[in-house]
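Spelled out from the first residue to the last, the chains are:
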Amino acid sequence: LVIGLATGVTVLIGRQFGARQEEMLAHTIKSAAKMFAVIAVILTAVYMVALKPIIKMKQTPDEAVEEAESYLFICAVGIIFIVGYNLLSSIWMGLGNTRTPLIFIAIACFVNIVLDVVLVKGFDMGAVGAAIATTLAQAVSFISAIIHMSRGDMGFKNKKKGDKGKNNLIPQIVKIGSPVAIQNVLVGVSFLFITAIINKMSLEASAAAGVVEKLFGFFIMPAVSFSSAFSTISAQNIGAGNDKRALKSMYTGIIMSLIPSIVITLFCVFKGELFTQIFSKDQKVIELASLYLKSYILDCIVVCFVFCMNGYFNGCGYSWFSMVHSLIATFAFRIPLSSIFSKLENTSLYIVGWAAPLSTVVSLILCCVFMIYITRKSKRKEKLDTTT
């Protein structure tokens, strides 16, 4: 939800920065700060109330319920830091500054790793220690970013004139970001269903799926990163009236994200156990996770196309389409396929894992069709303008 709405901030700031609308930039940042402060309070309250139902919905094994509750409760305390950091990051991204968010993410990672070692390994605090480490790391990162932003140059002049009637840009942020937010929330909910489906298979299968989800979240970072980058680049170029350069950047992003993704995929298909054994000592879990990863990891290649195309669509203001194709692929294909594959005779996690890349292929087909449509539409408009 937060990342989706933050996309609205990034795109709006990117367009204004590209068009050199510095006065509007300042208003956008102020509006976003108010909006995200309210979101942080609401999300924390909702999360606290929904904590136990979420755990029950996921059909968490009985042995894990107590630690899951403790983990999620402590993480809920850190929601305000997650929301705040995502806002700051979206502002920097919109201005084309990706180095500064990297610095503060690096700080969070360092603090998280050190505290994980101390609390989980040193004091044997288990899931509670991991949650405390995560929350404190987020707090350190957010507070450091706030201090830096309050002291540093944002890259544009904050003009004071013309405040009246222009200080509320929340509707524009919501218009751009809400489709992505809705998409993220519903896709997140879909993963609850998929987790529940796998949890029914066995405790080992549940643990194996958890291992693979962690690995996959890391492996798709090239596609996610380039998608975010090209949302900004698209928005800035469109704001500057350079639509062709925005499209060219999308193709560049696909190629750049494909290179590491292909290497990762090949490695996981043939030597996946080298990764899965990092997260577990249980040989059964390692074997099941490696099996699941062999089919699931193919999604890593397909998402390079889909994510970068989404970044372009979002930058162009077509964030609603990113939502539509994602929900069709997830709810009409991925969840049903996961359920069907899990119930087949002599099924395995390898078979269930195919649901991910197959459903993403559906998204890719829809994206290609839409890309052809908007390209032809743009050419017709350009021809009409030339004729006029």
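For the structure itself, consult the block above.
Predicted model, so just to flag it, every value in this text is computed and none were measured.

**Concerning unusual backbone geometry**
And step 1. At D124, a residue that is not glycine, the phi angle is positive and equals roughly 55°.
And step 2. Non-glycine residue N346 carries a positive phi angle of around 60°.
And step 3. Relative to the assigned elements, N346 resides in the loop between α14 (319–342) and α15 (349–353).

**A closer look at the nonpolar core**
Side chains that are nonpolar tend, in soluble globular proteins, to be buried together.
And step 1. Judged by nonpolar contacts, the single largest core of 47 residues is most densely connected at I198, F219, Y292, I297, M309 and F313.
And step 2. Of all hydrophobic cores here, the second largest spans 31 residues; its members include A40, A76, L95 and F104.

**A closer look at the side chain of S338**
And step 1. In this fold, S338 is placed in helix α14.
And step 2. Accessibility expressed as a relative area gives 3% for S338, which makes it buried.
And step 3. Setting aside anything within four residues of it in sequence, one finds S338 in contact with I194, I197, V352 and A355.

**Some thoughts on α14**
And step 1. The first and last C-alpha atoms of α14 sit 33 Å apart over 24 residues, in line with the 34 Å expected at 1.5 Å per residue.
And step 2. The sharpest bend along α14 measures roughly 35° and falls at T330.

**Some points on the side chain of T10**
And step 1. Within the secondary structure layout, T10 lies in helix α1 (residues 2–18).
And step 2. Taking relative accessible area as the criterion, T10 reaches 9% and is therefore assigned buried.

**A look at the environment of V369**
And step 1. Position of V369 among the secondary structure elements: in helix α16 (residues 355–387).
And step 2. Sequence separation between V369 and G239 is 130 residues; the distance between their C-alpha atoms is 25 Å.

**Side note on the packing of aromatic side chains**
And step 1. Summed over the entire model, instances satisfying the criterion amount to 16 aromatic pairs.
And step 2. Measuring from centroid to centroid gives 6.2 Å for F81 and F142, while their planes differ by 50°, and the two rings are tilted. Here F142 lies in helix α6 (residues 126–151) and F81 lies in helix α4 (residues 79–94), a separation of 61 residues in the sequence.
And step 3. Ring plane angle 85° and centroid distance 5.2 Å describe the contact between Y292 and Y296, whose orientation is recorded as edge-to-face. On the criterion of helical spacing, the pair formed by Y292 and Y296 is a turn pair, its members being four residues apart in helix α12 (residues 283–296).
And step 4. On the accessibility criterion, Y292 (2% relative accessible area) is buried.
And step 5. Taking relative accessible area as the criterion, Y296 reaches 1% and is therefore assigned buried.
And step 6. Clustering of aromatic rings is evident, with ring pairs tying together Y312, F313, Y318, W320, F321, F370 and Y373.
And step 7. The ring centre of F17 lies 5.2 Å from the NZ or CZ of R20, which sits over that ring.

**Some words on the packing of helix α7 (residues 170–199) against α14**
And step 1. At a minimum axis separation of 9 Å, α7 and α14 run at an interaxial angle of 5°. As the angle between them shows, α7 and α14 are arranged roughly parallel.

**Thoughts on the layout of surface pockets**
Over the atoms, a rolled probe matching the size of one water molecule traces out where space is still vacant.
And step 1. Quantified by volume, the second largest pocket comes out at close to 630 Å³.
And step 2. As for the second largest pocket, its lining consists of 18 residues, of which D243, Y312, I374, S378 and K379 are closest to the centre.
And step 3. Within the residue set of the lining of the second largest pocket, elements represented by two or more residues are α10 (243–271), α13 (299–316) and α16.
And step 4. No other element matches α16, which puts nine residues into the lining of the second largest pocket.
And step 5. Residues that form the lining of the second largest pocket fall into these classes: seven nonpolar, four polar and seven charged.

**Remarks on helix α3 (residues 62–77)**
And step 1. Between the first and last C-alpha of α3 there are 24 Å, a value that for 16 residues agrees with the 22 Å anticipated at 1.5 Å per step.
And step 2. Roughly 25° is the biggest bend found in α3, and it falls at A68.
And step 3. Those residues of α3 not exposed but buried are A68, L72, I74, C75 and A76.
And step 4. Lining the buried residues of α3 we find α2 (22–57), α4 and α6.

**Considering the environment of V212**
And step 1. Along the chain, V212 turns up in helix α8 (residues 203–219).
And step 2. The sequence separation of V212 and T276 amounts to 64 residues, and the corresponding C-alpha distance is 7.2 Å.
And step 3. Residues in contact with V212, not counting those within four places in the same chain, are A289, Y292, L293 and Y296.

Rules behind the numbers
Here the residue numbers are simple positions, counted from 1 along each chain's written sequence. Since the coordinates come from a predicted model, pLDDT governs what is reported: local features require at least 70, and pairs of side-chain atoms require 80 or more to be given and counted, while whole-chain, interface and lining totals use all residues. Excluded from the side-chain calculations are hydrogens and water; all other atoms, namely the structure's heavy atoms, are used. By the criteria applied, helices consist of DSSP H or I runs no shorter than four residues and strands consist of E runs no shorter than two, each listed in order from the N terminus. For our purposes a nonpolar core is just a set of buried Ala, Val, Leu, Ile, Met, Phe, Trp, Tyr and Cys residues, chained together by side-chain atoms within 4.5 Å. For each residue, the accessible area found with a 1.4 Å probe, counting protein chains only, is set against the maximum for its type, and the residue is called buried under 20%, exposed over 50%, and partly exposed in between. Only heavy atoms matter for contacts: two residues are in contact if any of them lie within 4.5 Å across the pair. How far a helix is expected to stretch is found by multiplying one less than its residue total by 1.5 Å. We define the bend at any residue as the angle between the axes fitted to the seven residues before and including it, ending there, and the seven starting there. Here a Phe, Tyr or Trp ring, Trp counted by its six-membered ring, pairs with any other such ring whose centre lies within 6.5 Å, and the pair is stacked when the planes are under 30 degrees apart, edge-to-face when over 60, and tilted otherwise. Definition used: whenever NZ (Lys) or CZ (Arg) falls within 6 Å of the ring centre and also within 35 degrees of the ring normal, the charge is taken to sit over that ring. Working convention: axes come from line fits to C-alpha atoms, limited for helices to the stretch in contact. Angles between N-to-C directions cover 0 to 180 degrees. For classification purposes, angles smaller than 35 degrees are called roughly parallel, those larger than 145 roughly antiparallel, those between 65 and 115 roughly perpendicular, and all remaining angles oblique. Cavities and pockets were defined on a 1 Å grid built over protein atoms only: a cavity is a set of grid points that admits a 1.4 Å probe from which the probe cannot escape, a pocket is an open set flanked by protein on both sides within 12 Å along at least five of seven lines, and lining residues are those with an atom within 4 Å of any such point. Grid points are joined across faces, edges and corners, and a volume is the space filled by probe spheres set on the points. For this classification, the nonpolar set comprises Ala, Val, Leu, Ile, Met, Phe, Trp, Tyr, Cys and Pro, the charged set comprises Asp, Glu, Lys and Arg, and every other residue, Gly included, is treated as polar.

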